[in-house]
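Listed here are the chains, written in short residue letters.
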Amino acid sequence: MNDCLIGDLMEEYSNGRSNAWYWKQVLMAVAIAFYREISAHKLLAVRAVLVGYVFAEVACSMLELPLFNLLKRFAFGSGLVAGTRWAHGYIYPWAVITCLGAAGIGWVVARLHRSHQPAMVFAYAVAQLLLGLPELCRLLVNALDDTRFLFSLLAFVVVFALSIVGTLLGGFWGYTRKSAPQDQASQFSLPD
Amino acid sequence: MEQMAKRDYLGNFELMVMLSLMRLDENAYGVPISREIEETTGREVALASAYATLERLEVKGLVSSELGERTSERGGRAKRYFRATGKGLREVRETQRTLQKLWHGVLRPKANAI
């Protein structure tokens, strides 16, 4: 069915549909495919979210502080964040740790759900996004109330976005192909 | 009391897809089906959602499909032609009858409502 859908998209594109239409349809096709796979395997998706959450909690409690201190020493020792106040400079090691940690968790989720890897990593990333929304709203309200909190909001948005990108990259890194002869990404490339 | 038969009614989009492929007859594949719905409703249709619906209808036994020719404009990929099965046609007629029964009376506004 997938092959026919890609053929239809290419046919429509070659009949004069715009690039925006094409990519919108591709994104919708990916979203619908993930939604269908997740709703067909709800329990597995719940397990993927729980596994990711537990690993994130364990990693945070065991590694976050030592890594943070290590990176803090490195960042200041190498002069990487020279000239910035630590109150602002802490975002660099924090962002690196979050991105690496999220990538590791994405990898674990992908490896532990081999039968439906992309969909389960996506499910965890969506759960991560939803779990972060209350904090985002709180910071947004604070920033609207007082511009002093704007930096906190920006720092959170950067780190939040990096953690989701990290999760997806980690999931991609842990992705093992079953017997796919065709590259999924190249299937959606624009026709000549 | 008469036992009511348990059955799944066609959803709104499912009915649109069924009617479109019945109108298109021999030429019913993804592109014309979604175009038909777009032209009739004036709303953009995601090809993927049309395919998802067609796949669901096929699982229910309401449509059947077969692969067609491969063309260069499709990057050498085949078309999948869909056709309503006998069960599918009966289901559409039943839905039409049910909707007509429900509409009956709705179209006649009461005098004091105007």
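Quantities reported herein were computed from a predicted structural model and do not represent experimental measurements.

What follows covers the pattern of salt bridges. Tallying each qualifying case throughout the model produces 16 salt bridges over all chains. Between B:E44 and A:K24 there is a salt bridge, with its nearest N and O atoms 3.6 Å apart. On the criterion of chain membership, the pair formed by B:E44 in the loop between α2 (30-41) and α3 (47-59) and A:K24 in helix α2 (residues 19-40) is interchain, its members lying in two chains. Taking relative accessible area as the criterion, B:E44 reaches 43% and is therefore assigned partly exposed. Two residues, A:R36 and B:E55, come together in a salt bridge whose shortest N-O distance is 2.7 Å. You can see A:R36 sitting in helix α2 and its partner B:E55 sitting in helix α3, one on each of two chains. You can call A:R36 partly exposed: its relative accessible area is 34%. Put simply, A:E12, A:R17, B:R35 and B:E38 are held in one network by salt bridges that share partners.

As a further point, take the confidence of the model for chain A. Interpretation of this model should avoid reading the predicted coordinates in detail wherever pLDDT is low. Within chain A, residue pLDDT values average 81, and 83% of them lie at 70 or more. Counting interchain partners and residues more than four positions distant, the pLDDT-below-50 stretch residues 179-188 of chain A has 12 contacts.

Glancing now at the layout of surface pockets. Residues and elements named next belong to chain A. In this structure, the second largest pocket encloses a volume near 760 Å³. If you go around the second largest pocket, you meet 27 residues; those closest to its centre are A56, C60, T98, Q128 and S163. Looking at the lining of the second largest pocket, the elements that each hand over two or more residues are α3 (42-77), α5 (91-112), α6 (117-145) and α7 (150-173). The biggest single contributor to the lining of the second largest pocket is α3, with 10 residues. Within the lining of the second largest pocket, the residues separate by chemical class into 18 nonpolar, six polar and three charged.

Bringing the interface of chain B and chain A into the picture now. The interface is formed by 24 residues belonging to chain B together with 23 residues belonging to chain A. Counting the surface lost from both chain B and chain A, the interface buries some 2100 Å², and carbon and sulfur atoms represent 52% of this. Taken together, the connections running from chain B to chain A amount to seven salt bridges. With a closest N to O distance of 2.7 Å, A:E11 and B:R74 form a salt bridge. Linking chain B with chain A are 13 residue pairs in polar contact (both at pLDDT 80 or more), by the criterion used here. Of all the secondary structure elements, the ones that give two or more residues to the side of chain B that touches chain A are α2, α3 and β2 (78-84) of chain B. For the side of chain B that touches chain A, the element with the most residues is α3(B), which contributes seven residues. Within the side of chain B that touches chain A, the residues separate by chemical class into 11 nonpolar, three polar and 10 charged.

What counts, and at which threshold
- Residues numbered from 1 in each chain as written.
- Chains lettered and ligands numbered in written order.
- Predicted model: local features only at pLDDT ≥ 70, side-chain atom pairs only at ≥ 80, totals over all residues.
- Heavy atoms only, no water.
- Salt bridge = Lys/Arg side-chain N within 4 Å of Asp/Glu carboxyl O.
- Helix = DSSP H or I, 4+ residues; strand = E, 2+ residues; numbered from the N terminus.
- Buried < 20%, exposed > 50% of the residue type's maximum accessible area, 1.4 Å probe, protein only.
- pLDDT = per-residue confidence, 0-100.
- Contact = heavy atoms within 4.5 Å.
- 1 Å grid on protein atoms, 1.4 Å probe; cavity = no way out; pocket = protein on both sides within 12 Å on 5 of 7 lines; lining within 4 Å.
- Points joined across faces, edges and corners; volume = space filled by probe spheres on them.
- Nonpolar A, V, L, I, M, F, W, Y, C, P; charged D, E, K, R; others polar.
- Buried area = accessible area lost by both parts, 1.4 Å probe.
- Polar contact = N/O pair within 3.5 Å; in protein donor to acceptor, adjacent residues only side chain to side chain.

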